[in-house]
Amino acid sequence: MSIEAKLLHLQSIQNLLAPYRYLYCVDLEATCDEAEKSESPRPLKVPPDQMETIEIGLVVIDLETLEVVDEFQRFVRPQINPILTDFCKKLTSIQQADVDSASTYKEVGQELKAFVTLYSNAAWVSWGDYDARQLERDAGFAACPSLLEGLPHFNARKWHAGLYDNRPISLKETVEALGLVWHGTYHRGIDDARNVASIVKEMLA
């Protein structure tokens, strides 16, 4: 990819973000299941269409300074499959006690609504489109608005693909390919959100 093409892509990203003061970098963890290779084939305890958010991590970037100015993290209590699978606990490091004591999706939505009033005029970004789809799925289960309803969503993975010739698939691979330091535990919402913020800041700088 030519330097000119990369500069045009960067300019298009900057144009998309120009109307906004803040950018929320968001990552979700959700209930899930997967059979181990050593296991016999079995039905999944959590089918993909029943996945529910169990953690939301959100990091606020001030687009005028490209500095992180705040964070929001909550565990969420799942309703359809309230018992976490061993696969989910191993993947995310989130434990049963974390979600048992957590608020529901609707309740967390009220807390988040109060938080984002501190940083109005915002859009949000995630690594891929999964998080946006998952929020919509959760909203359907809870019969309430999506947590970030009304805010424009952008795909940081697509931004990255347009700026760099190497196109790592995973979030962690991308952080390392950019020469950035990975922070925290992979597949934890708040830590992944912090690392998405690091990538976004690197791209926009």
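Here the structure is a predicted model, which is why all the values come from computation and not from measurement.

## Topic: the nonpolar core
Counting 28 residues, the largest nonpolar core has Leu17, Leu23, Cys25, Val125, Trp159 and Val200 as its most contacted members. Those elements that place two or more of their residues in this core are α1 (3–17), β1 (22–30), β2 (53–62), β4 (122–126), α6 (156–163), α7 (171–177) and α8 (189–204). It is α8 that contributes the most residues to this core, eight residues altogether. Those residues in contact with Trp159 that lie beyond four places of it in its chain are His9, Ile13, Leu16, Leu17, Leu23, Val125, Phe154 and Met203. Ranked by size, the runner-up nonpolar core spans 22 residues in total, among them Leu28, Val76, Val108 and Val116.

## Observations regarding the state of the cysteines
This model, assessed by the stated rule, comprises zero disulfides. In this model Cys88 remains outside any disulfide bridge; the closest cysteine sulfur is found in Cys32, 3.9 Å from its own.

## As for helix α4 (residues 105–116)
Its 12 residues give α4 an end-to-end C-alpha distance of 16 Å, which sits within 8% of 16 Å, the value for a rise of 1.5 Å per residue. Of all the residues in α4, the buried ones are Tyr105, Val108, Gly109, Leu112, Phe115 and Val116. For α4, the angular spread of the buried residues around the axis is 120 degrees, confining them to a single face. With respect to the buried face of α4, the exposed residues turned more than 90 degrees away are Gln110 and Lys113. Along its buried surface, α4 packs onto β1, β2, β3 (67–75) and α5 (130–142).

## Remarks on the pairing of β3
Sheet analysis places β2 next to β3, joined by eight bridges and oriented antiparallel. Pairing of Leu58 across the sheet is with Phe72, part of β3.

## Points about the pattern of salt bridges
Considering all chains together, one arrives at nine salt bridges under this definition. The salt bridge involving Arg194 is made with Glu71; its shortest N-O contact spans 2.9 Å. Remark: Glu71 occurs in strand β3 and Arg194 occurs in helix α8; sequence separation between them is 123 residues. Put simply, Arg21, Asp62 and Glu64 are held in one network by salt bridges that share partners.

## Concerning unusual backbone geometry
Look at Leu66: it is not a glycine, yet its phi comes out positive at around 55 degrees. Checked against the element boundaries, Leu66 lands in the loop between β2 and β3. Judged by its relative accessible area of 19%, Leu66 falls in the buried class. Phi angles above zero are rare outside glycine, and Ala143 is one such case at about 55 degrees. Looking at the secondary structure, you find Ala143 in the loop between α5 and β5 (153–155).

## Description of α8
Side chains three or four residues apart in an α-helix point the same way, a direct result of the helix having 3.6 residues per turn. For α8, spanning 16 residues, the distance from its first C-alpha to its last is 22 Å, which sits close to the expected 22 Å at 1.5 Å a residue. Along α8, 12 of the 16 residues are buried, which leaves the element largely enclosed by surrounding structure. Listed as buried for α8 are Gly189, Ile190, Asp191, Asp192, Ala193, Asn195, Val196, Ala197, Ile199, Val200, Met203 and Leu204.

## Quick word on the environment of Asp62
Position of Asp62 relative to the elements: it lies in strand β2. Using a relative accessible area of 6% as the deciding quantity, one classes Asp62 as buried. Separated by 42 residues in the primary sequence, Asp62 and Tyr20 have C-alpha atoms spaced 9.3 Å apart. Sequence-distant contacts of Asp62, that is, excluding residues within four places in its chain, are made with Arg21, Tyr22, Glu67 and Val69. Among the polar contacts listed, one links the side chain of Asp62 to the side chain of Arg21, at a separation of 2.9 Å.

Definitions and limits used
- Residues numbered from 1 in each chain as written.
- Predicted model: local features only at pLDDT ≥ 70, side-chain atom pairs only at ≥ 80, totals over all residues.
- Heavy atoms only, no water.
- Core = buried A, V, L, I, M, F, W, Y, C linked by side-chain atoms within 4.5 Å.
- Buried < 20%, exposed > 50% of the residue type's maximum accessible area, 1.4 Å probe, protein only.
- Helix = DSSP H or I, 4+ residues; strand = E, 2+ residues; numbered from the N terminus.
- Contact = heavy atoms within 4.5 Å.
- Disulfide = S-S within 2.5 Å.
- Expected span 1.5 Å × (residues − 1).
- Arc of directions from axis to C-beta.
- Pairing = 2+ DSSP bridges.
- Salt bridge = Lys/Arg side-chain N within 4 Å of Asp/Glu carboxyl O.
- Polar contact = N/O pair within 3.5 Å; in protein donor to acceptor, adjacent residues only side chain to side chain.

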